[in-house]
Amino acid sequence: MKNEKFLLAVLFVLCLGINNSFAQFYVGSNIGVGFSTVSTQDRPDNLGLLFSQRLGVSLQIPLKSYFSLRAEGRWSSQGYKSELIFTDANGTPLGGGDVKQRLNYAQFQTQVRFEIEFIYIAIGPYVGFLTGATRKFPDQFVTIGGEREFDVKDEYRTFDVGIGSAFGFLIELSEAVRLELGIQNTNGFLNTLEDEDFSPFESSRNFDFGLQVGLQVNLGKEKKG
């Protein structure tokens, strides 16, 4: 874990340091909403999509008129929901509800980004550090003490890595400000489970997709010549 954190720090500092060599760069913020689930080989029928959110900041350095490098740090919620069916002593269904498994990450991503006119396409690797995980049961679920939501961070690994992509449109609001509207997707490569005894699957990988809105401000100056 120490080596992974060191590699992340070096990569992020290098990306941020690139702006010293270029006269033009953008800083921005973005917010996104969508749905998340998990990729697993033993996918149960009751596995569903969970509403997810993300909030981030970015630094983008144009290398060519159509090609840029971008570093982004963001908070991102992942997870899934699964349907829980309640039965009586004879096994007769009495109703059901969704169990919501939510994982929150601090993610850092580097992207290569292509911009042609008002369209952009981006792709790049990310690393994530788990900041919290909860399991929330529906109101019909009865526990000792009446609790519905439990901290389950110990059941998950603290480190994740994957690849993210985005596609969207750029709207120039002024010479220095532009708006981003697009769709994004992330795919995790690693098994997130630390303790499989409390999970319906043997392994799971994060997956999400959704809409994203961002605002970018050009804080540099156009290079002359």
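Before any of the text, the structure's been laid out above.
The structure contained in this document is the topic of the report that follows. All values reported here derive from a predicted model rather than from experimental measurement.

**Things to note about the overall build of the protein**
Scanning the protein from terminus to terminus reveals one helix and 10 strands. Helices (α) and strands (β) of the protein occur, in sequence order from the N terminus, as α-β-β-β-β-β-β-β-β-β-β. Of all 225 residues assigned to the protein, the portion counted as buried reaches 41%. Of the roughly 12600 Å² of accessible surface on the protein, 61% is carried by carbon and sulfur atoms.

**Focus: the pattern of salt bridges**
Opposite charge on two side chains permits them to pair, given that their charged atoms come into close proximity. Following the criterion strictly, the structure yields nine salt bridges and no others. Ionic pairing is found between Glu72 and Arg74, a salt bridge with its closest N-O pair at 3.3 Å. Taking relative accessible area as the criterion, Arg74 reaches 5% and is therefore assigned buried. For the salt bridge of Glu115 with Arg178, the shortest nitrogen-to-oxygen distance reads 2.9 Å. With a gap of 63 residues between them, Glu115 in strand S5 (residues 93-116) and Arg178 in strand S9 (residues 177-188) connect regions that are remote in the sequence. Like Arg178, Glu115 is buried. Through salt bridges that share partners, Arg70, Glu72, Arg74, Arg113, Glu115, Arg178 and Glu180 make up one connected network.

**A short note on the nonpolar core**
Among the nonpolar cores identified, the biggest contains 11 residues, and these are Val38, Leu47, Tyr80, Leu103, Tyr105, Leu130, Ala133, Val152, Tyr156, Leu193 and Phe201. Of all the elements in the fold, those that place two or more residues in this core are S5 and strand S6 (119-136). Other than its neighbours up to four places away in sequence, Leu103 contacts Ser76, Ser77, Gln78, Gly79, Leu130, Gly132, Ala133 and Tyr156.

**A look at the environment of Ile171**
When you line up the elements, Ile171 lands in strand S8 (residues 159-172). Since its relative accessible area comes to 37%, Ile171 is described here as partly exposed. With 52 residues separating them along the chain, Ile171 and Ile119 place their C-alpha atoms 9.3 Å apart. When residues no more than four places from it in sequence are discounted, the contact partners of Ile171 are Val177, Arg178, Leu179 and Leu181.

**As for the environment of Pro62**
Inspection of the secondary structure assignment puts Pro62 in strand S3 (residues 50-62). Distance from Pro62 to Phe25, taken between C-alpha atoms, is 6.5 Å for residues 37 residues apart in sequence.

**A word on the packing of aromatic side chains**
One pair of aromatic rings is described through two measures. These are the centre distance and the angle between the planes. In this structure the tally under the stated criterion is eight aromatic pairs. Taking 6.3 Å as the distance between ring centres and 80° as the angle between the ring planes, the aromatic pair formed by Phe35 and Phe51 counts as edge-to-face. Highlighted residues: Phe35 in strand S1 (residues 26-39) and Phe51 in strand S3, separated in sequence by 16 residues. Take Phe35: its relative accessible area is 39%, and that puts it in the partly exposed class. Consider the rings of Phe118 and Phe169, whose centres lie 6.1 Å apart with planes at 20°: the pair is stacked. Taken together, the positions of Phe118 in the loop between S5 and S6 and Phe169 in strand S8 put the pair 51 residues apart, joining distant regions of the chain. Above the plane of the ring of Tyr120 lies Arg113, whose end atom (NZ or CZ) is 4.1 Å from the centre. Positioned over the ring face of Tyr26 is Arg178, at 4.2 Å from the centre of the ring.

Rules behind the numbers
Within each chain, residues carry numbers counting from 1 in the order of the written sequence. For this predicted model, a pLDDT threshold of at least 70 governs which residues receive local features, and a threshold of 80 or more governs which side-chain atom pairs are given and counted, while totals over whole chains, interfaces and linings are taken from all residues. For side-chain calculations, the full set of non-hydrogen atoms in the structure is used, while hydrogens and water are omitted. Only DSSP runs of H or I with at least four residues qualify as helices, and only runs of E with at least two residues qualify as strands; both kinds are numbered from the N terminus onward. Note on exposure labels: buried denotes an accessible area under 20% of the residue type's maximum, exposed denotes more than 50%, and partly exposed covers the range between, all computed with a 1.4 Å probe on protein chains only. Surface exposure here means Shrake-Rupley accessible area, sampled with a 1.4 Å probe, where a residue is shielded only by the protein chains that are shown. Any carboxyl oxygen of Asp or Glu within 4 Å of a side-chain nitrogen of Lys or Arg constitutes a salt bridge here. Residues grouped as a nonpolar core are buried Ala, Val, Leu, Ile, Met, Phe, Trp, Tyr and Cys residues, joined through side-chain atoms within 4.5 Å. The contact definition used throughout considers only heavy atoms, calling two residues in contact when any of these lie within 4.5 Å. Side-chain rings of Phe, Tyr and Trp, where Trp is taken by its six-membered ring, are said to pair if the distance between their centres is within 6.5 Å; with planes under 30 degrees apart they count as stacked, over 60 as edge-to-face, and otherwise as tilted. Counted as over-ring charges are cases with an Arg CZ or a Lys NZ within 6 Å of the ring centre that also lie within 35 degrees of the ring normal.

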